[in-house]
Amino acid sequence: MRRFLLLAMALCYASARNITSTPNTRYIQGNNTDEKEALNFLLAYDREASAMCNNVMNTQWDFNTNITESSKQRMLETQLEYAKFQKDVWATATTFKWKTFRDPSIRRQFKVLSVLGRAALPEEKLKEIQQLLADMRDIYSRNRVCPYVKQPKNASLPIRMESVKCNLALDPDLTRIMAKSKDDNELTYMWQQWHDETGRPLRSKFMRYVELSNEAARLNGFKDTGDQWRASYDIEDFNSELDELWMGLRPLYQQLHAYVRRRLHHQHGKIVPLDGPIPAHLLGNMWAQSWSNLYDTTVPFPNKNSMDVTLSLKRQGYDPVRMFQLADQFFVSLGMKSVPDSFWTASMLEKPLDREVVCHASAWDFCNGRDFRIKQCTEVTMEDLTTAHHELGHIQYYMQYVNQPLAFREGANPGFHEAIGDVVALSVSTPKHMQKIGLLDKAADDPEVDINYLYSMALDKIAFLPFGFLLDQWRWKVFSGEIPFDQMNKAWWELRLRYQGVAPPVNRSEHDFDAGAKYHVPANTPYIRYFVSFVLQFQLHKVLCEASGHVGPLHKCDIYQSREAGKLLAELLKLGSSKPWPDAIRILTRGRTSRMDPGAIMEYFQPLMEWLQKQNTEEKAGWRGMNSGITIKTTWVAVVLSFVITLVFSRLW
């Protein structure tokens, strides 16, 4: 590793300042006022850190695409080496009195480097937390469950479970079952198996991770890890901003929830009460975060043509590579960059059959300005075509800000990165676009078709909002201690009830760790970025549509082939995080606003909102428990399965 220059500087400056090896103040600085010397330090850091980062990313890629003990150990070794490098960098960076420098770019880079992260921990604890994180990802990715075996009615002997292979993975097996099965018992069984077999083994590891992560955050001058995560948004009272956004969006979610609940009540009977929460296993998704798989059975106007082009993709012989080529072509049509040739040879676009991998879709920047990859277990479906556009949005962001210093090679805030691919997907999913690229025969101008389309979008976009909002609300409260370890699962379901209006299909207790059954919890990935991105993507979509010259309803806009929209989008992406994100919004909107605004979402879905309100006139939108505060010593809702599932209130602790 090329650490010699920075290490020497670190030792020199540490001696001169007599600093300790452990930071304990947020955004600290020293006494060196030489701005030219500081710039030279940043240039040296950028070269060496990029090389170090490339090495780390390669070993992480090797582990994620081939989960073995040896690949895990190589990854941990390079992570530890990078942490030592970061510590050396921090020791040097914090000798400069950077807050007094004239150049705002230099000040902003030093602010990034003055936060040491987990590397602030003593070496043994750093090793421990890195091992915990690798183990948690390993447990999640390797988990396999037994298939549901229905006892034949006339069988004289029970089926011997030892003859059943327990080899069902989350992707694609359980995901497909949760999407397609109409058997309540099978759905309940699969939901419980995944949550039990994944969450429970993670519980003790997660608690120890919280302790170590909080210790690292405090060493960096933050109150806890949640405080450190929120600081990346540069808003003094980020929670209040989020609450304001959610309250603006909640009425639309409640109307969608009421309509879907009524349709599920007609299908499943009393296990879906008309005034209560919806059992979480009936919403077509393991976490009830997307309801898109309910479209066929709940579509407002079933006699109209389907917007799902999955069959068309298969009929036309699409495979994962061709799907990503189609997504890449969208960005090229905007005058933006095409992925390099190495992308096609180095990426993992299909699930390999010969080894264990982390299937969760992700985009990778290898820090050298040339190597960009995607890891995705792609299936030929419209949903995965949309995901391909989303992941290539990350890649486009990487390629656009490639000339920024390493410290600025990230989104304007964490939500921006997630929003970019999705803003493209808003155009891609329109009937107009699907017709343009030959996946849909015709796009009729029909109000009922419009409602069907908006409903399909709402099952994905609007249904997700409360889950995207609440996951980190729960995690932040665990980090702060407001939710104690012995009541994590109870608090998880209180939040699911309050915001999402869902309940577990079987009785749960503190032996369970249901939040851990969601990838981002064991993977240590902040989640509020997705809620933020859902607000931003519609805000960006409206601005780009205006730039493209679109006239008409926002939900009909397709920016495909608009060089004007592409130019504006590229202008935003090239900034990376070099400017505070409110400045980025101000640049994008040509000075009209610097705030996140839910108005564009409400405008997009306004025709659907009016239609849902008419459909829901005979019942009150909402559910029992939605206005309760999140206090720990309260009763909560559970759905208890005993051959026939009945919704009951029960005190479980």
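What counts, and where the lines are drawn
Residues numbered from 1 in each chain as written. Predicted model: local features only at pLDDT ≥ 70, side-chain atom pairs only at ≥ 80, totals over all residues. Heavy atoms only, no water. Helix = DSSP H or I, 4+ residues; strand = E, 2+ residues; numbered from the N terminus. Rg over C-alpha atoms; globule rule 2.2 N^0.38 Å. Buried < 20%, exposed > 50% of the residue type's maximum accessible area, 1.4 Å probe, protein only. Areas by Shrake-Rupley, 256 points an atom, 1.4 Å probe, with all protein chains shown as cover. Lys, Arg positive; Asp, Glu negative; His and termini not counted. Charge placed at Lys NZ, Arg CZ, Asp CG, Glu CD. Bend = angle between axes of the 7 residues up to and from the residue. Polar contact = N/O pair within 3.5 Å; in protein donor to acceptor, adjacent residues only side chain to side chain. Contact = heavy atoms within 4.5 Å. Pairing = 2+ DSSP bridges. Phe/Tyr/Trp six-rings, centres within 6.5 Å; stacked < 30°, edge-to-face > 60°. Core = buried A, V, L, I, M, F, W, Y, C linked by side-chain atoms within 4.5 Å.

From N to C terminus, the protein includes 23 helices and 6 strands. Relative to its length of 653 residues, the protein is compact, with a C-alpha radius of gyration of 25 Å against a globular reference of 26 Å. In terms of overall dimensions, the protein has C-alpha extents of about 80 × 60 × 50 Å along its principal axes. Within the protein, the proportion of its 653 residues that are buried is 59%. As displayed, the protein offers around 26900 Å² of accessible surface, 50% of which is attributable to carbon and sulfur atoms. The distance from the centre of the 79 positive side-chain charges to the centre of the 75 negative ones in the protein is 1 Å.

Another aspect to go through is helix α15 (residues 414–428). The largest bend along α15 measures about 30° and falls at Ile420. Among the 15 residues that make up α15, 14 are buried, leaving the element largely enclosed by the rest of the structure. In this structure Asn413 caps α15, since a side-chain oxygen of it lies 2.7 Å from the backbone nitrogen of Gly415.

Another aspect to go through is the side chain of Thr65. Assignment of secondary structure puts Thr65 in the loop between α2 (35–64) and α3 (69–93). Under the relative-accessibility criterion, Thr65 is labelled buried at 8%. At 2.7 Å, the side chain of Thr65 forms a polar contact with the backbone oxygen of Trp61. The residues touching Thr65, leaving out its near neighbours within four places in the chain, are Met348, Arg355, Glu356, Val357 and Lys375.

This part is about the pairing of strand β2 (residues 362–365). Burial along β2 is two-sided: the residues Ser362 and Trp364 and Ala363 and Asp365 are all buried. In the sheet, β2 pairs with strand β3 (residues 372–375) via 4 bridges, with the strands oriented antiparallel. Across the sheet, the residue bridging to Asp365 is Phe372, located in β3. Where β2 folds back onto β3 in an antiparallel hairpin, the turn is made up of 6 residues, including Cys367, whose phi is positive at roughly 70°.

This paragraph deals with helix α4 (residues 104–113). When α4 is considered as a whole, its buried residues turn out to be Ile106, Arg108, Gln109, Phe110 and Leu113. Elements in contact with the buried residues of α4: α2 and α3. The distance from a side-chain oxygen at the start of α4 to the backbone nitrogen of Ser105 is 2.8 Å, and the residue carrying that oxygen is Asp103.

Quick look at the side chain of Ser562 now. Structurally, Ser562 can be placed in the loop between α19 (528–548) and α20 (563–573). Note on Ser562: relative accessible area 7%, which makes it buried. Excluding residues within four positions of it along the chain, Ser562 makes contact with Ser333, Leu334 and Ser548.

Turning to the environment of Gly369, a few remarks are in order. With respect to the helices and strands, Gly369 occurs in the loop between β2 and β3. Of the residues examined, Gly369 reaches a relative accessible area of 33% and is grouped as partly exposed. Note: C-alpha distance between Gly369 and Ala463 (94 residues apart in sequence) is 37 Å.

Turning to the packing of aromatic side chains, a few remarks are in order. Going through the model one piece at a time under the given rule, you end up with 49 aromatic pairs. Judged by centre distance (6.1 Å) and plane angle (90°), the ring pair of Tyr27 and Phe222 falls under edge-to-face. Of the two residues, Tyr27 sits in the loop between α1 (4–17) and α2 while Phe222 sits in the loop between α7 (184–219) and α8 (225–231), which places them 195 residues apart along the sequence. One exposure class covers both Tyr27 and Phe222, and it is buried. Here the aromatic rings of Phe467 and Trp492 are separated by 6.3 Å at their centres, their planes lie at 85°, and the arrangement is edge-to-face.

Of all hydrophobic cores here, the largest spans 180 residues; its most connected members are Val260, Trp474 and Phe605. Per-element accounting of this core gives the leading share, 20 residues, to helix α17 (residues 447–480). Beyond its immediate chain neighbours, meaning those up to four positions away, Phe605 contacts Leu252, Leu454, Met457, Ala458, Lys461, Ile462 and Phe538. The next biggest cluster of nonpolar side chains, apart from the first, holds 32 residues, and it includes Phe85, Phe96, Cys359 and Trp364.

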